[in-house]
Amino acid sequence: MVSTWEDFYAKHPPPQDLAQNEQALKEFTRKHLEAGNKVVLVTSGGTTVPLEHNTVRFVDNFSAGTRGSVSAEYFLEYGYAVIFMYRVKSLEPFSRHFIGQKFLDLLQISDNNENPVITVLPEHTQKVTTVLRKYREAFNEKKLLQVTFTTFSEYLWLLRSACQALAPLENKAILYLAAAVSDFYIPSNEMSIHKISSSGPPTISLQLVPKILAPLVSLWVPKAFVVSFKLETDESLLISKARTALNKYHHNLVIANMLQTRKQQVIIVSKETNYVLSLTNEQLDNGEEIEQLIVRDLIEKHIK
Ligand code: PAZ
């Protein structure tokens, strides 16, 4: 059974920090509307589907938030203000360059045991400086607002609030919906309150999620430039599914990608046409990023 989006919001309580996020979203969009800036909402990372209200276990997906965090940096580079709506603990713009062991590998410690000094290794100084400058610029100019979700329900509430804040920007807003959002969920009233007992195999019934692109395009941000993503693992379905989504929701573009090759190739699908953007193996090995091509392509279309 599929519930309607109205049903979803009626039956699922908003996250506790929603009012605070709404305030931040409104202030951010008002400021950039007044400044005449374009604003993009980038959604990033995967949503979880909790199996219990007191959540011990949940269904998750593979998304690391690479597409969203990399794209956010390129949008900033092209002068857009960015609302980065991302899954807690997934990749974030700028800090993504320095995660885990990669960060420690950049550093050196002086031999003086009394007063050790930690510095960036000379061979990494250039890269750290470049990223740090861009990061500081984005924050000093207040061009980047980050808001987080974890569960599917939190994502839907936050997405609607972000759209409400973006609506006054009309065609100066882009929605770049790169998050991997669950297609199935357990409605709140069907979820176990406590940790599911392991005394026998549980029967878990998932429902189809309401199709949120429908109200988003027709009601919440009807004048915005809306770009959704379509991920498949069976190539023969990719273009047809992307086109079905376009015909159903009437938004501007679908960016279609295959799980296995998503970092090297995407297909830009519009109502009229579709074409490939890709990197050669050499470009990929040199650290070039497909998101730069995607963002450049979108911005040209947005301007037109
Ligand atoms: O986050 P990531 O870089 O690992 O993956 C990006 C992606 C494949 C989740 C994104 O490009 C995408 O296709 N998102 C939409 C997925 C879907 O719901 O079809």
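Preceding this paragraph is the structure being described.
In short, a report on the structure. (Residues numbered from 1 in each chain as written. Predicted model: local features only at pLDDT ≥ 70, side-chain atom pairs only at ≥ 80, totals over all residues. Heavy atoms only, no water.)

Remarks on the site of the ligand
The following threshold applies: We define proximity as follows: a residue is near a molecule or strand when any one of its heavy atoms falls within 4 Å of that partner. What qualifies as a polar contact is a pair of N or O atoms within 3.5 Å, subject to a donor-acceptor requirement within protein and to the restriction that residues adjacent in sequence count only when both atoms come from side chains. Here, Shrake-Rupley sampling with a 1.4 Å probe gives the accessible areas, and only protein chains in the shown set may cover a residue. In this text, helices come from DSSP runs of H or I with a minimum length of four residues, and strands from runs of E with a minimum of two, each type numbered from the N-terminal end. Gly is placed with the polar residues, together with every amino acid not listed as nonpolar (Ala, Val, Leu, Ile, Met, Phe, Trp, Tyr, Cys and Pro) or charged (Asp, Glu, Lys and Arg).
Neighbouring residues of the ligand: 14 residues in total, closest Ser63, Gly65, Arg67, Leu231 and Asn257. Interatomic distance of 2.6 Å between a side-chain N/O atom of Ser63 and an oxygen atom of the ligand. Contacts to the ligand include Ala178, whose backbone N or O atom sits 3.1 Å from a nitrogen atom. The protein chains hide 91% of the 470 Å² of surface that the ligand would expose on its own. If you list the elements that add at least two residues to the shell around the ligand, you get α3 (66–77) and β11 (225–232). Here the shell around the ligand gets 3 residues from one element, more than from any other, and that element is β11. Its residues assigned to classes, the shell around the ligand comprises 7 nonpolar, 4 polar and 3 charged.

A word on the packing of helix α2 (residues 18–34) against helix α6 (residues 152–166)
Under the convention used in this document: Every axis corresponds to a line fitted to the C-alpha atoms, with the helix fit spanning only the stretch in contact, and the corresponding angles, defined between N-to-C directions, vary from 0 to 180 degrees. Throughout, the term roughly parallel applies to angles under 35 degrees, roughly antiparallel to angles over 145, roughly perpendicular to angles from 65 to 115, and oblique to all others. What makes a crossing left-handed is the near helix being turned counterclockwise from the far one by less than a right angle; a clockwise turn instead makes it right-handed. In what follows, a contact means two residues having at least one pair of non-hydrogen atoms within 4.5 Å.
Across the interface, α2 lies against α6 with an axial gap of 9 Å and an inter-helix angle of 25 degrees. Classified by the angle between their axes, α2 and α6 sit roughly parallel to one another. Crossing hand, α2 versus α6: right-handed. Between α2 and α6, the residues in contact are Leu18, Asn21, Glu22, Leu25, Lys26 and Thr29 and Trp157, Leu158, Ser161, Ala162, Gln164, Ala165 and Leu166, respectively. Each residue belonging to the contact of α2 with α6 can be placed in one class, and the counts come to 7 nonpolar, 4 polar and 2 charged.

Examining the nonpolar core
For clarity, the threshold we go by: Residue types Ala, Val, Leu, Ile, Met, Phe, Trp, Tyr and Cys, when buried and joined through side-chain atoms within 4.5 Å, form a set referred to as a nonpolar core. To sort residues, take the accessible area from a 1.4 Å probe on protein chains only and compare it with the maximum for the residue type: under 20% means buried, over 50% means exposed, and anything in between is partly exposed.
Core analysis: the largest hydrophobic core is formed by 50 residues, its most contacted members being Leu159, Leu166, Leu175 and Leu216. Per element, the largest residue contribution to this core is 10 residues, and it comes from α6. Ignoring sequence-local partners within four residues, the contact set of Leu216 consists of Leu159, Cys163, Leu175, Leu177, Val221, Pro222 and Val226. Core analysis: the second largest hydrophobic core is formed by 35 residues, Val70, Tyr176, Val266 and Leu277 among them.

Looking at the side chain of Lys143
Topologically, Lys143 is positioned in the loop between α5 (122–140) and β7 (144–149). Classification of Lys143 by relative accessible area gives buried; the value is 15%. In contact with Lys143, other than residues within four places in its own chain, are Phe28, His32, Asn37, Leu76, Gly79, Tyr80, Ala81, Val82 and Ala138.

Observations concerning unusual backbone geometry
Here the phi dihedral of Lys142 falls at roughly 50 degrees; this positive angle occurs in a residue that is not glycine. Relative to the assigned elements, Lys142 resides in the loop between α5 and β7. Residue classification places Lys142 among the exposed positions, given a relative accessible area of 52%. The backbone of His250 shows a phi angle near 60 degrees, a positive value even though the residue is not glycine. Along the chain, His250 turns up in the loop between α8 (235–249) and β12 (253–258).

Nothing here speaks to function; it is all geometry.
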